[in-house]
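Per-entry structural report
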Amino acid sequence: ESSGGGVLSMFNSQGTSRTSMLVEQVNRQTPTGMFLLTCIEDLVLDSGFYGPLWDMPFDTISKYIQSHSLVFHTCQYNALHKIHLSVKHGELKASRVGDRSIMHAASKLYDTKADLSAIQRVRTSFNVVNISD
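Now for a look at the structure at hand. Just so you know, these numbers come straight off a predicted model, no measurement behind them.

Analysis parameters
Residues numbered from 1 in each chain as written. Predicted model: local features only at pLDDT ≥ 70, side-chain atom pairs only at ≥ 80, totals over all residues. Heavy atoms only, no water. Salt bridge = Lys/Arg side-chain N within 4 Å of Asp/Glu carboxyl O. Helix = DSSP H or I, 4+ residues; strand = E, 2+ residues; numbered from the N terminus. Buried < 20%, exposed > 50% of the residue type's maximum accessible area, 1.4 Å probe, protein only. Phe/Tyr/Trp six-rings, centres within 6.5 Å; stacked < 30°, edge-to-face > 60°. Contact = heavy atoms within 4.5 Å. Core = buried A, V, L, I, M, F, W, Y, C linked by side-chain atoms within 4.5 Å.

1. So, the pattern of salt bridges
- In this structure the tally under the stated criterion is 1 salt bridge.
- Among the ionic pairs, Glu-24 bridges to Arg-28, the shortest N-O distance being 3.1 Å. A residue pair is termed a helical-turn pair when its members lie 3 or 4 positions apart in one helix, as Glu-24 and Arg-28 do in helix H1 (residues 10–28) at 4 residues.
- Among the residues examined, Glu-24 registers a relative accessible area of 36% and is labelled partly exposed.
- You can call Arg-28 exposed: its relative accessible area is 60%.

Below you can see the structure in the form of C-alpha cells.
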C-alpha cells in the first residue's frame, strides 16, 4: 500500500533519509556534518550514559532529552529498527574502575520524566557524570 509518491512508508523513508544524510555529512566533514557531530556529542553529554550514542537505551534517554531534533529522531528510528551507526564521536567514560554514570543509576531508580529531568539539571549544573565525582 503506497502512501503517496510511490513511497511505501513515509516513516521508513524519513528514517532512512535522516540516517543516510547524517552519516554522509559527518563522514565528509561538511559544515553541516560538523554541526550534527556537535549535536551528537551534546546529546551524549546530556544523556550522561557511557559509550556511543547508538548503544544507549533509547527508551531511557528519550525521557529527558528534547525530542525536536533531527539527531533525536534519527536515534529513535535506528533504535526501533536496531540500526547501529559507525559514526565516530566523543564518548563519556568511567573515570575509575567499576565506576557508573549518575544517569544510568538514576534510570534504574526513577522512571518518570520529571524525576530524571530534575536529576539531569542538578548533574549538569555541578558538571558531574560519574558517581565517584
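2. Concerning the packing of aromatic side chains
- Overall, the coordinates contain 1 aromatic pair when judged by the stated rule.
- For the pair Phe-58 and Phe-72, a centre-to-centre distance of 5.2 Å together with 50 degrees between the ring planes defines the contact as tilted. Of this pair, Phe-58 sits in helix H3 (residues 58–61) while Phe-72 sits in helix H4 (residues 70–80), and the two are 14 residues apart along the sequence.
- For Phe-72, a relative accessible area of 8% corresponds to the buried category.

3. Some words on the environment of Ile-131
- Following the sequence through the fold, Ile-131 ends up in the segment after helix H6 (113–125).
- Given a relative accessible area of 48%, Ile-131 falls into the partly exposed group.
- Sequence separation between Ile-131 and His-104 is 27 residues, and the spatial gap between their C-alpha atoms is 9.7 Å.
- Once you skip the residues sitting within four places of it in the chain, Ile-131 turns out to touch Asp-99, Arg-100, Ser-101, Ile-102 and Ala-105.

4. Side note on unusual backbone geometry
- The residue Lys-82 is not glycine, and still its phi comes out positive at about 55 degrees.
- Mapped onto the fold, Lys-82 is located in the loop between H4 and helix H5 (102–109).
- On the basis of relative accessibility, which here comes to 77%, the residue Lys-82 falls in the exposed class.

5. Structural notes on the nonpolar core
- In this structure, Leu-22, Leu-53, Trp-54, Ile-61, Val-71 and Val-87 are the most contacted members of the largest nonpolar core, which totals 25 residues.
- Within the residue set of this core, elements represented by two or more residues are H1, helix H2 (31–47), H3, H4 and H5.
- At 5 residues, H2 tops the list of elements feeding residues into this core.
- Residues within four places of Leu-53 in sequence aside, it is in contact with Ile-40, Leu-43, Val-44, Ile-61, Val-71, Cys-75 and His-89.

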